[in-house]
Amino acid sequence: MMSLLMLAALPLVSAVAPPRARNVKEIHTALLDPDGRLLIAAHRGCHNPAPSQALPSAPENSLMGLDHCVAMGIDIMETDVRRTRDGYLVMIHDATVDRTTNGTGAVDHLTLAEIKALRLRDNEGEKDAGLTDQQVPTLDEILAHAGTRIVLNLDIKDAIYAEVIEAVARAGATDRVIVKTAAGIGSAPLAAMAPYDRVPFMPILSSGDAAGADLAEIVTRQASGRRHAIGIELPRMPAAALPGVVAAARGAHERVWVNTLWEGFVDGYGGDVDALRDPDAVWGRLQRAGISIIQTDESEALRRYTRKT
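In this text, all values refer to a predicted model and were calculated from it rather than measured experimentally.

Undergrad: Tell me about empty space enclosed by the protein, and please be specific about residues and values.
TA: Using the criterion set out here, one finds 3 cavities of 30 Å³ or more in the structure. Put simply, the largest cavity is a space of about 60 Å³. Together, Gly45, Cys46, His47, Asn48, Pro49, Ala50, Met72, Asp297, Glu298, Ser299 and Glu300 line the largest cavity. Broken down by class, the residue content of the lining of the largest cavity amounts to 4 nonpolar, 4 polar and 3 charged.

Undergrad: Requested: an account of the side chain of Asn123, with residues and values cited.
TA: Relative to the elements of secondary structure, Asn123 occurs in the loop between α4 (112-116) and α5 (139-146). A distance of 2.8 Å separates the side chain of Asn123 from the side chain of His47, its partner in a polar contact.

Undergrad: Could you give me a rundown of the pattern of salt bridges, with the residues and numbers involved?
TA: Side-chain pairs of opposite charge can arise whenever the charged atoms involved come near each other. Tallied over the entire structure, the rule returns 20 salt bridges. Salt-bridge contacts for Asp75 lead to Arg37; the nearest nitrogen and oxygen are separated by 2.7 Å. Here Arg37 lies in the loop between α2 (24-31) and β1 (39-43) and Asp75 lies in the loop between α3 (63-72) and β2 (76-83), a separation of 38 residues in the sequence. Close ionic contact of Glu141 with Lys116 constitutes a salt bridge, the shortest N to O distance being 2.7 Å. Of the two residues, Glu141 is situated in helix α5 and Lys116 in helix α4; the sequence distance between them amounts to 25 residues. Three or more residues are tied together by salt bridges with common partners; here these are Arg22, Glu26, Arg37 and Asp75.

Rules of the game
Residues numbered from 1 in each chain as written. Predicted model: local features only at pLDDT ≥ 70, side-chain atom pairs only at ≥ 80, totals over all residues. Heavy atoms only, no water. 1 Å grid on protein atoms, 1.4 Å probe; cavity = no way out; pocket = protein on both sides within 12 Å on 5 of 7 lines; lining within 4 Å. Points joined across faces, edges and corners; volume = space filled by probe spheres on them. Nonpolar A, V, L, I, M, F, W, Y, C, P; charged D, E, K, R; others polar. Helix = DSSP H or I, 4+ residues; strand = E, 2+ residues; numbered from the N terminus. Polar contact = N/O pair within 3.5 Å; in protein donor to acceptor, adjacent residues only side chain to side chain. Salt bridge = Lys/Arg side-chain N within 4 Å of Asp/Glu carboxyl O.

Shape is all these values report; function is a separate question.
The following block contains the structure:
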């Protein structure tokens, strides 16, 4: 029989299993099932540190941030696309390189070579953030780096939807991305229209009413085309409008995406800061209200919460 002294000398084993890696096929199947598990979208990649995974911070919209998302088992990486002066598609949020790199100037005034000569600042950037060895990736590079490991939500910042979707198709990645654009009460069903009909598409609802009274109708109208969206993204909205929107999305057999960035997008539900204090009061409450995709800057904490529930 092993003595107490011998037992005490054994290494401690964590009771929490390491995150299970995802793959695009599984994530895509889950996207098509609005009653399936909660999906996590990392805002501009996994840029915050993840202490439980021994991962440091990473620059936003970087290949390193993508790798951290994969390591944590995140489903979707949201990332931003702009066009350089010489016509290349690059992954950067702002209209300028000033915040996130050691350079200055507008993205559309710089060539790809000029942008590639820069280095990304750590995490969300700003002048006091340290420089890293990471460069601004091109769309082709991030599609290749993601491979079949994670879905990319391409937030297209310029009027370059056709170019971006053509690049995705050329890379054979049409089942590995989500593309979105705004849809209001007067918008035709966009998922059935070119170029959105070539990729998994999700409209971002745009209300013309302060109370959000038209949001459910927008969902129903967007679902009336010959091809459906895979889900809807909610705008900043009052909580009173949420049940009707969720019901309309369920009727359309679509997922509902919400952002808990900053103070959160649904009034009264809270955002990431609140969720770090009480995840069930924010993320759990949203899930119980019918939300099935949450975009966050706190990917590690949300992933940890989903593994407990």
